[in-house]
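# Commentary on secondary and tertiary structure
Spelled out from the first residue to the last, the chains are:
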Amino acid sequence: MIVERQSKVTGALHKRDIDVTTEQLRRWEAGELIQDVCPHLTATEREFIMTGITEQEWQLMSQCEGCHA
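None of these values were measured; they are calculated from a predicted model.

This part covers the overall build of the protein. Tallying secondary structure elements over the protein gives 4 helices and 2 strands in all. Ordered by position in the sequence, the α and β elements of the protein form the string β-β-α-α-α-α. Across its three principal axes, the protein shows a C-alpha extent of roughly 40 × 20 × 20 Å. If you take every contact in the protein between residues at least 6 apart in sequence, the share linking residues at least 24 apart comes to 39%. Carbon and sulfur atoms make up 50% of the accessible area of the protein, which amounts to about 4800 Å² in all. Distance from the positive charge centre (7 side chains) to the negative charge centre (12 side chains) of the protein: 5 Å.

Here it is as structure tokens:
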């Protein structure tokens, strides 16, 4: 399904097609651990669902030493 999230880093709105159901998202939103609800997803996909942060944003952040105040 298409999952839309706002990045907690940049505020940008991102959409990704992820192999997840509405029921799985509901269970996670109700408090179950994402890795228990969706063990078939990659860590990057689970992170996107939780934070909206894309792999590209993680790469940019890791290249920016000294950017954090």
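Looking at the element boundaries, arginine 5 is found in strand β1 (residues 2–6). Of the side chains with opposite charge, glutamate 29 lies nearest to the buried arginine 5, which makes no salt bridge, at 4.3 Å. Here the side chain of arginine 5 touches isoleucine 49 through a polar contact of 2.8 Å, landing on its backbone oxygen. In contact with arginine 5, other than residues within four places in its own chain, are Ala12, Leu13, His14, Leu25, Trp28, Glu29, Phe48, Ile49 and Gly52.

For an α-helix, 3.6 residues make a turn, and residues three or four places apart therefore share a direction. Buried within helix α3 (residues 43–51) are the following residues: Glu45, Arg46, Phe48, Ile49 and Thr51. In this fold, the buried residues of α3 make contact with β1, β2 (13–17), α1 (22–29) and α2 (34–37). Immediately beyond the C-terminal end of α3, within one or two residues, lies glycine 52, with a positive phi of roughly 75°.

Conventions adopted
Within each chain, residues carry numbers counting from 1 in the order of the written sequence. Given that the model is predicted, a residue must reach a pLDDT of at least 70 before its local features are reported, and side-chain atom pairs must reach 80 or more before they are shown or counted; all residues, however, enter totals for whole chains, interfaces and linings. To get the side-chain values, all heavy atoms of the structure are used, and hydrogens and water are removed first. Each helix corresponds to a stretch of at least 4 residues labelled H or I by DSSP, and each strand to a stretch of at least 2 residues labelled E; elements are numbered beginning at the N terminus. By definition, residues are in contact when any of their heavy atoms lie within 4.5 Å. Only the protein chains shown count as cover for residues, with accessible areas throughout obtained via the Shrake-Rupley method and a probe of 1.4 Å. Counted as positive: Lys and Arg. Counted as negative: Asp and Glu. His and the chain ends are not counted at all. Taken as the charge centre is NZ of Lys, CZ of Arg, CG of Asp or CD of Glu, depending on the residue. Relative accessibility thresholds used throughout: buried, under 20% of the residue-type maximum; exposed, over 50%; partly exposed, between the two (1.4 Å probe, protein chains only). The term salt bridge refers to a side-chain nitrogen of Lys or Arg lying within 4 Å of a carboxyl oxygen of Asp or Glu. Here a polar contact is taken to be a pair of N or O atoms separated by no more than 3.5 Å, where protein atoms must pair a possible hydrogen donor with a possible acceptor and residues adjacent in sequence count only if both atoms sit in side chains.

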